[in-house]
Amino acid sequence: MALLELNNVHAYYGNIHALKGISLQVDEGEIVTLIGGNGAGKTTTLRTISGLLKPREGNIILAGEDIIAYKPNELVAKGIAMVPEGRGVFAKLSVADNLEMGAFTRNDKAGILQDLEYVYNLFPRLYERRTQLAGTMSGGEQQMLATARALMARPKVLLMDEPSMGLAPVLVDTIFDTIQEINNEGTTILLVEQNAHVALQIADRGYVLQTGEIVLSGDAQTLQKDETVQKAYLGME
Amino acid sequence: MNTTQHTINWKAFLKYGLLAGLVIVYVSAVGMLEAFNEREVIRDVVTLGQLLIVGAPFFISLIITQHLEKDAGNIPLPARGLIIGAIASIPPVVLVGLTQVINFRPILVNINRGMVEVLTFENESLLVGSLILAAVMTVAGLAGSSITLLPAKPRRALLIGLIWVLGVGVMSELVTGVLSEHFSRDFERSLFERDTLKATTAAGLFLITTLIALGWGYSNDDIKKQYRALPTSSQQIARGSGFLLLGLFLIVLPQIVGSALSETLSIVGLFMLMGLGLNIAIGLAGLLDLGYVTNYAVGAYVMAVMTSTGALGLAEKTGVDFLNFWIVLPISVIAAMITGFIFAVPVLRMRGDYLAIATLGFGEIIRILALSDWLAPIIGGAQGVLFIPNPTIDHIVLWRGGQIIAALLIGHILRAFIKPDWQPSDNIYVATITKFAAYSAMGLVISVAASEIVRAIFFSSLDLSGQAIVRGPQQIYYVILGAAILALTVSVRLNNSRTGRQWMAIREDEDVAAAMGISTARAKLLAFTISAATGGLAGGILAVKLGTVFPTSFNLLVSINVLSLIIIGGMGSIPGIILGALFLLGLPELLREFEEFRLLLYGALLVAMMLLRPEGLWPSAVRRRELADDDSVSTAPAVGD
């Protein structure tokens, strides 16, 4: 059964028709990636799922429940957490405080402590820097923090927006290794990436977006071999 | 172009020199120089006007010359000040010369003979006078830069001594007032001559303050080191006794400084209360609220209408007569909070500049409503509400209140001595409350027993059945002090709470905060509502302090003042708010004798502040970390990006 399902979702920015009937599904335990060029609607799709943007048409179903009517903060409690584009850490809060904000909707102290230990194990560097202001860390560290913060909500589905953006190639590999590790622990991941190459390597399935529409979908391996994908997004002739 | 480091950038010298010179020309042209010259700072030695002439080149070269490394090439430090001082003297000398050629009177009335006399040090010959002026300013520039050659500690001590002498000299009337109230008239006369500092006194004061500052500067490090070496419990005791001393000082303060300064302190206190409230909206949640006066007005009018004994009062209208200050004060606070909530609802979706403009509008709406004929039957319109009685307090309440406060203090001290490691329960809340209750109960037994025994033995005739009336600034001060302590405690707790961090997250990035599961709407409503509370508190106290409430008290300037004191003190910093209130509200009250130039000085101080300490007087820890070079950040190996 699909954990997260979008059916014919239309979303607008003012009069601009940004999503023109997106339908996709993410099964439990999967890594699904959305690839596509600039302005294809990848980030918009994530914003719509997390409730920051309300669709005008269509529905979004999480574990059998239509979640269109919920506010962003309620969706976090329902199990949707986001790692926003450009990291979006709270620059003037310490690392530990940032992580605490991630667990904002939860009240189980013991569980929060357990998850804190988990993310500190996942990213030992964050533990070293727990009292440092988030804004003073490097881009890679901020990406780790944003990811760890999202995990603190103990999400069913983790939405990740361009985790590779602005990072050195070495770091991109590290981050993607971590994404796989998180997935192995049982968290379902919907990954938006411009860097289609790495994204398709770790993903189970993928969707290709173009100007607000899904033009192609399938297994990651199939997509990697697809001619149009190779030409348009993998830079192969 | 020659790019060796010996290149001298004359432009920089010209810029700062002319800046100092033009300041003097400006204060001369607006008449400030002549007016200030009437006041002698030190008897027969220097007037305030002359101090201005010396001060401008002195301070500019004190601040600037060290930073001219790149521009000054190989010119030694003192010479840099000399050059700046000399350049600074050009504009005023030119001004003196021009007065002989052009008649400024029709346009700038203040450029006249009197002004020229001050500038030329009342010399008969303009040429000699101008030369003296140029010499004085050049020497002042030289002095300013030479001081920077001293090592940091003596330099600081010297400047502190200078500030003390000038401060006492300028505020001499206040100082003599306080002195003659507490000491004999002769003692005051031996130090001051007709309310002006004597030269000998000034020299003595300078010597004493400089030496003390010097001693303190050298021992300060040792004291800090010793303090850190103490065990935690002793540190706690040291800190506790520090607070106790501060508390005692604050309690006796109005008796020391007299009624006039107590009035100033009360105003500072009221604005500090509002600052603490607005800080929640601006400093923590980042909501730029320019209509804070709304809450002040609501608090004041609620207090006025509910307690007034006049025609507009509830007592007169409905016959309800049990309402007094103490009952209505919480109502004022709640009314302000409700107003804050109501006004927050329509602006929830606004951000930044738009929010500022909308709230600015609310402030005006309240003022116009208060003035309107429509509400006049209830709140008096332009006539305001009169006959607000002074609060009264039963002696017995004062007595019991004192016992309870003493009990809490004793309980707190006991905690450090009796079983400091006691853990009554695993649940932190239960443990905290149990410990608090147990120690406070012990404190209560001790304080009640001790005070009743003392009363029975020494003050057996003390009558506790009567009432005291809280009247005049020296007594209202205590009400404000109590309110301030309450507001401070709540503020500090909020600052370090989950709620506080939730606001900070919204300030940093509203979208991300929402995506973290924070209900931004609820958090913003809460911020506006809680922020309004202290405004209502301050308003309620203002009403009884004045005894009357008029719409004119609630203008835009109040909102601006509260906002400025937060910015001056350092955004989001609680000690900063206290300093900011003292600086912005206290200083102008003390400088009231300068009357017409008060706002000018106030503006100049603000500009100087923003240039010299943009992070505020006492920045919050976060901002300080942000602006300082943090070694732990720069030396740690960064994961590249």
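Residues numbered from 1 in each chain as written. Chains lettered and ligands numbered in written order. Predicted model: local features only at pLDDT ≥ 70, side-chain atom pairs only at ≥ 80, totals over all residues.

Focus on unusual backbone geometry
Note the following rule: Counting from the N terminus, the helices are the DSSP runs of H or I reaching at least four residues and the strands are the DSSP runs of E reaching at least two. To sort residues by exposure, count the other C-beta atoms lying within 10 Å of each residue's C-beta; 20 or more gives buried, 12 or fewer gives exposed, and values between give partly exposed, all with C-beta atoms placed from the backbone.
Positive phi is not limited to glycine here, since Ala 63 of chain A has a value of about 45°. If you trace the backbone, Ala 63 of chain A turns up in the loop between β4 (57-62) and β5 (65-66). Note on Ala 63 of chain A: 15 C-beta atoms within 10 Å, which makes it partly exposed. Positioned with a positive phi, Asp 44 of chain B is a non-glycine residue whose angle comes to about 60°. Structurally, Asp 44 of chain B is set in the loop between β1 (40-42) and β2 (46-47).

Considering the domain arrangement of chain A
All names here are of chain A. The line we're drawing: The split into domains, and so the bounds of each, comes from an automatic or database assignment of domains. Here the term charged refers only to Asp, Glu, Lys and Arg, the term nonpolar to Ala, Val, Leu, Ile, Met, Phe, Trp, Tyr, Cys and Pro, and the term polar to all other amino acids, Gly among them.
According to the domain assignment, chain A consists of domain 1 (2-79 + 155-232) and domain 2 (94-154). Using only C-alpha atoms to locate each centre, domain 1 and domain 2 end up separated by 23 Å. Of all elements in the fold, only α2 (72-78) and α7 (169-184) reach the threshold of two or more residues within the side of domain 1 that touches domain 2. Looking at which element gives the most residues to the side of domain 1 that touches domain 2, the answer is α7, with 5 residues. Looking at side-chain class alone, the side of domain 1 that touches domain 2 contains 9 nonpolar, 3 polar and 1 charged residues.

So, the domain arrangement of chain B
Interfaces are often described in size by the accessible area the parts lose on coming together. All names here are of chain B. Stated precisely, the cut-off is as follows: Each residue is represented by a C-beta atom placed from its backbone, and any two residues with such atoms within 7 Å are regarded as in contact.
Assigned domains of chain B: these are domain 1 (1-149), domain 2 (153-229), domain 3 (230-391 + 470-624) and domain 4 (393-458). The C-alpha centroid of domain 2 is placed 28 Å from the C-alpha centroid of domain 1. Between domain 1 and domain 2, the contact holds 9 residues from the first and 11 residues from the second. Element by element, the count of residues in the side of domain 1 that touches domain 2 is highest for β1, at 3 residues.

Topic: the interface of chain B and chain A
Listed per partner, the contact involves 23 residues of chain B and 32 residues of chain A. Counting residues per element, the side of chain B that touches chain A draws most heavily on helix α21 (residues 498-508) of chain B, which supplies 5 residues. Looking at the side of chain B that touches chain A residue by residue, the class counts come to 11 nonpolar, 4 polar and 8 charged.

Notes on the pairing of strand β2 (residues 16-27) of chain A
All names here are of chain A. Here is the rule: Only strands joined by at least two bridges in the DSSP assignment are considered to pair.
Where strand β1 (residues 2-13) and β2 come together, 9 bridges link them in antiparallel fashion. Paired with Glu 5 across the strands is Gln 25, a residue of β2. Hairpin geometry of β1 and β2 is characterised by an intervening segment of 2 residues between the two adjacent antiparallel strands and by a positive phi of about 60° at Gly 14.

Some details on the packing of helix α3 (residues 48-64) of chain B against helix α5 (residues 77-101) of chain B
Residue and element names in this part refer to chain B. Applied cut-off: For helices, the fitted line uses only the C-alpha atoms of the stretch in contact; every axis is such a line through C-alpha atoms, and the angle between N-to-C directions lies from 0 to 180 degrees. When the near helix sits turned anticlockwise from the far one by under a right angle, the crossing is termed left-handed; a clockwise turn instead gives a right-handed crossing.
The N-to-C vectors of α3 and α5 enclose an angle of 145°; their axes lie 9 Å apart at closest approach. The interaxial crossing formed by α3 with α5 has right-handed handedness. Of the residues in α5, those touching α3 at Ala 56, Pro 57, Ile 60, Ser 61 and Ile 64 are Gly 81, Ile 84, Gly 85 and Ala 88. Within the contact of α3 with α5, the residues separate by chemical class into 6 nonpolar, 3 polar and no charged.

Overview of the sheet that holds strand β9 (residues 205-210) of chain A
All names here are of chain A. With mixed pairing, 6 strands are arranged side by side in an open sheet as β6-β7-β8-β3-β9-β10. Pairing within the sheet leaves two strands with one partner each, and these edge strands are β6 (80-83) and β10 (213-219). Put simply, the sheet's adjacent strands are angled 20° from each other on average, direction ignored. Examined bridge by bridge, β9 and β10 share 6 bridges and lie antiparallel to one another. When the sheet's bridge partners are listed, Tyr 207 is paired in β10 with Ser 217. Packing of helix α6 (residues 139-151) onto the sheet brings it into contact with β6 and β7 (157-161), and relative to β6 it is tilted by some 175°. In this fold α7 packs onto β3 (31-36), β7 and β8 (188-193), with an angle of close to 155° to the strand it touches most, β8.

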